[in-house]
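Below are the chains, spelled out letter by letter.
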Amino acid sequence: MDPKVINFIEQNKDRFVEELKSFLRIPSVSTDPQHKRDVRKCAEYAASELKRIGMQHVQVCETAGHPIVYAAWLGTPGRPTALLYGHYDVQPIDPIELWHSPPFEPEIRNGEIYARGAADDKGQVFMHFKSLEAHLRNTGKLPVNFKILIEGEEECGSPNLDQFIREHREMLQADVVVISDTPMFARGVPSICYGLRGLVYFQIDLVGTSSDLHSGSFGGTVANPAFVLCRLLGNMKNEEGRVTIPGFYDDVRPLTERERREYASLPFDAERYRKELGAPQLWGEMGYSPLEQIWARPTFEINGILGGFTGEGAKTVIPAKTMAKVSMRLVPDQDPDKIARLFEDHVRKVCPPSVELRITRMHGGKAWLAPIDHPAMKAAGRAYEKGFGKKPVFVREGGSIPVVSTFTELLNVPCVLIGIGLPDENAHAPNEKLDLGNFHGGILSTAYLYEELANVA
Ligand code: BES
Ligand code: ZN
């Protein structure tokens, strides 16, 4: 790489962090209607930054929801085109009282920047902006043609993204998609992610009576919806940690012996993992290691339950209704629509007629698994090694980025996931943070990545 690019990245380290702070200060919480204007402001900020660093065709594109930021630099005809995908929206901040510094006032402590979105995903998006800037400022060009698609609705399930991609297939056509929205395997272990789990999400509402009831006057004569919900959800997994929905495992692609050996060879210490999580004991599907459970096995989880009296003291009441949010993480080759159907059929079957049942399907997406010997993956491996001075490991992740399989299917392009978060980044939780060493290493690595992609994609 041109030494000027590398020097620029070294010399502007502090400025990059200051600029990242400005990006993080905008409270772009996509799920909260109160922040609608902030989300747009954030899109406009990203667009103006892209213009400033020399990207062209910069647009803030309207959707039925929050805007999408698009940019391109197509100055090297004949060379491959990379498409960067990321998101500028962030998760809500609650519980706010658990933050040690305000979520939208970025603060640096021990070489880590704390703010909502620091890791997921503004910091990782901004890292690309800076590697693009380093190339454009110092060489006047990029090693590949480059397109950028940054959305503002990832954290609420990207409800308008697939349609946007379908309608702008031409504009988005590329040879490779680059995404930085994943954590590394561990601190100091640069990682390339080649697999993600899929997701199906539901809300279940149970209504027992038209009003809350005195549990003395009426208890014992009507079904308590909280009770019904507990039984319903409690039976969703058996003692062996297996999901009991009939047909749930039918299409699950089994782990190969080779995969099991590879996962087992990674530096993962289950006891340390348990301690870090603060769990008295690990519990999961029997017969599988934690890494296998996270990466290659599906699961059913309760994301939240609401119902009845939970205030101070005691109140003798039978709640009129209860609600639960539940979701299933899926693996290849489970089809989200099929699993959704199986789930609905099952719940309708086991739910007793003593309560009224309402099931609402929410967002989701397919699992993704890519071959690690693809030239684009190998290019990412070399780039990472140059940027961090260390060979990366290839890992899968348990989280979901539904658009990845959309890209693979609609645009028929390989995706490279080069993330610089960390397992303790506190994404979606209080005190989200990004390691500034990783931010810097990531800027270098992605600057190398664009060069590497010029020859392979
Ligand atoms: N950055 C995450 C995805 C992720 C998390 C990848 C952990 C690998 C490990 C992304 O922002 C996210 O939170 N995705 C959601 C998807 C959902 C809203 C459709 C998720 O996984 O819950
Ligand atoms: Zn997220």
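Residues numbered from 1 in each chain as written. Chains lettered and ligands numbered in written order. Predicted model: local features only at pLDDT ≥ 70, side-chain atom pairs only at ≥ 80, totals over all residues. Heavy atoms only, no water.

## Looking at the overall build of the protein
Part 1: Of the regular secondary structure elements, the protein holds 15 helices and 18 strands.
Part 2: Against the 2.2 N^0.38 benchmark of 23 Å for 457 residues, the protein shows a C-alpha radius of gyration of 23 Å, consistent with a compact globule.
Part 3: With the C-alpha coordinates of the protein rotated into their principal frame, the extents come out at 80 × 50 × 45 Å.
Part 4: Out of the 457 residues in the protein, the part that is buried amounts to 54%.
Part 5: Pairs at least 24 apart in sequence give 80% of the contacts found in the protein among residues at least 6 apart.
Part 6: One way to put it: in the protein the 52 positive side-chain charges average out to a point 2 Å from where the 60 negative ones average out. (Helix = DSSP H or I, 4+ residues; strand = E, 2+ residues; numbered from the N terminus. Rg over C-alpha atoms; globule rule 2.2 N^0.38 Å. Buried < 20%, exposed > 50% of the residue type's maximum accessible area, 1.4 Å probe, protein only. Contact = heavy atoms within 4.5 Å. Lys, Arg positive; Asp, Glu negative; His and termini not counted. Charge placed at Lys NZ, Arg CZ, Asp CG, Glu CD.)

## Quick look at the coordination of the zinc ion (ligand 2)
Angles between donor atoms at a metal ideally measure 109.5 degrees for a four-coordinate tetrahedral arrangement and either 90 or 180 degrees for a six-coordinate octahedral one.
Part 1: Protein coordination at the zinc ion (ligand 2) comes from Asp-120 (OD), Glu-155 (OE), Glu-155 (OE) and His-428 (NE2), with a distance range of 2.0 to 2.6 Å.
Part 2: Relative to the metal, the six donor atoms surrounding the zinc ion (ligand 2) lie at angles of 54 to 154°, and the coordination shape comes out irregular.
Part 3: Written as a sequence motif, the donor arrangement for the zinc ion (ligand 2) is D-x34-E-x272-H. Of this pair, Glu-155 sits in the loop between β6 (145–151) and α5 (161–167) while His-428 is found in the loop between β17 (415–419) and β18 (433–435), placing the two residues 273 residues apart along the sequence. (Donors = N, O, S within 2.8 Å, 3.2 Å for Na, K, Ca; no water. Tetrahedral: all angles 85-135°; square planar, octahedral: opposite > 155°, others 65-115°.)

## Side note on the layout of surface pockets
Part 1: Empty space within the second largest pocket amounts to approximately 410 Å³.
Part 2: Residue lining of the second largest pocket: 20 residues in total, with Asp-162, Gly-364, Gly-365, Lys-366 and Thr-406 positioned closest to the centre.
Part 3: Across the lining of the second largest pocket, the residue classes break down as six nonpolar, seven polar and seven charged. (1 Å grid on protein atoms, 1.4 Å probe; cavity = no way out; pocket = protein on both sides within 12 Å on 5 of 7 lines; lining within 4 Å. Points joined across faces, edges and corners; volume = space filled by probe spheres on them. Nonpolar A, V, L, I, M, F, W, Y, C, P; charged D, E, K, R; others polar.)

## Structural notes on the sheet that holds strand β9 (residues 198–207)
Part 1: Strand order across the open sheet formed by four strands is β11-β13-β9-β14, with antiparallel pairing between neighbours. For this open sheet the edge positions go to β11 (299–307) and β14 (356–365), each flanked by a neighbour on one side alone. Geometrically, the sheet is characterised by an average inter-axis angle of 15° between neighbouring strands, direction not taken into account.
Part 2: Bridge count between β9 and strand β13 (residues 321–330): 10 bridges; the pairing is antiparallel. Residue pairing for β13: Leu-206 is matched across the bridge by Thr-322.
Part 3: Packed on one face of the sheet, helix α8 (residues 225–234) meets β9, β11 and β13 and runs near 15° to β13. (Pairing = 2+ DSSP bridges. Axes fitted to C-alpha atoms, helices over the stretch in contact; angles between N-to-C directions.)

## A word on the pairing of β17
For a regular strand, side-chain orientation follows a simple rule: the groups alternate between the two sheet faces.
Part 1: Across the five residues of β17, five count as buried, placing the element largely inside the fold.
Part 2: Alternating residues of β17 divide into Cys-415, Leu-417 and Gly-419 and Val-416 and Ile-418, and every residue in both groups is buried.
Part 3: Where strand β7 (residues 176–179) meets β17, three bridges bridge the pair, whose relative direction is parallel. Directly across from Val-178, in β17, lies its bridge partner Val-416.
Part 4: Note: strand β8 (residues 191–196) against β17, three bridges, orientation antiparallel. By the bridge assignment, Ser-191 is partnered in β17 with Gly-419.

## With respect to empty space enclosed by the protein
Part 1: Counted by the stated rule, this structure contains two cavities of 30 Å³ or more.
Part 2: Space inside the largest cavity adds up to approximately 60 Å³.
Part 3: Around the largest cavity, the lining residues are Arg-253, Pro-254, Leu-255, Glu-259, Ala-296, Val-331, Pro-332, Leu-369 and Arg-396.
Part 4: Taken together, the residues of the lining of the largest cavity break down into six nonpolar, no polar and three charged.

## Focus on the site of ligand 1
Part 1: Neighbouring ligand 1 are 16 residues; Asp-120, Glu-154, Asp-181, Arg-329 and His-428 lie closest to it.
Part 2: Glu-154 places a side-chain nitrogen or oxygen 2.8 Å from an oxygen atom of ligand 1.
Part 3: Within the contact set of ligand 1, an oxygen atom lies 2.8 Å away from a side-chain nitrogen or oxygen of Arg-329.
Part 4: Starting from 510 Å² of accessible surface for ligand 1 in isolation, the protein chains cover 87%.
Part 5: A per-class count over the shell around ligand 1 returns four nonpolar, six polar and six charged. (Near = heavy atom within 4 Å. Polar contact = N/O pair within 3.5 Å; in protein donor to acceptor, adjacent residues only side chain to side chain. Areas by Shrake-Rupley, 256 points an atom, 1.4 Å probe, with all protein chains shown as cover.)

## A closer look at the sheet that holds strand β4 (residues 107–109)
Part 1: Taken together, the three strands give an open sheet; going across it, the order is β4-β5-β18, and neighbouring strands pair in antiparallel fashion. Only two strands of the sheet have a single neighbouring strand rather than two, namely β4 and β18. Neighbour to neighbour, the strand axes of the sheet diverge by 25° on average, direction disregarded.
Part 2: Across three bridges, β4 lies against strand β5 (residues 112–114) in antiparallel orientation. Within β5, the residue paired with Arg-109 across the bridge is Glu-112.
Part 3: Of the strands in this sheet, β4, β5 and β18 are in contact with helix α2 (residues 13–24), which crosses β5 at around 20°.

## A few points about the state of the cysteines
Part 1: A complete count under the given rule lists zero disulfides for this structure.
Part 2: Here Cys-156 is not cross-linked by a disulfide; its sulfur's nearest cysteine counterpart is in Cys-42, at 13 Å.
Part 3: Note on Cys-156: relative accessible area 23%, which makes it partly exposed. (Disulfide = S-S within 2.5 Å.)

## Topic: helix α3 (residues 36–52)
Part 1: Between its first and last C-alpha, α3 extends 25 Å over 17 residues, near the 24 Å set by a 1.5 Å rise per residue.
Part 2: Buried positions along α3 lie against α2, β1 (56–61), β2 (68–73), α4 (122–139) and β6.
Part 3: Once α3 finishes, Gly-54 follows within two positions and takes phi at roughly 105°, a positive value. (Expected span 1.5 Å × (residues − 1).)

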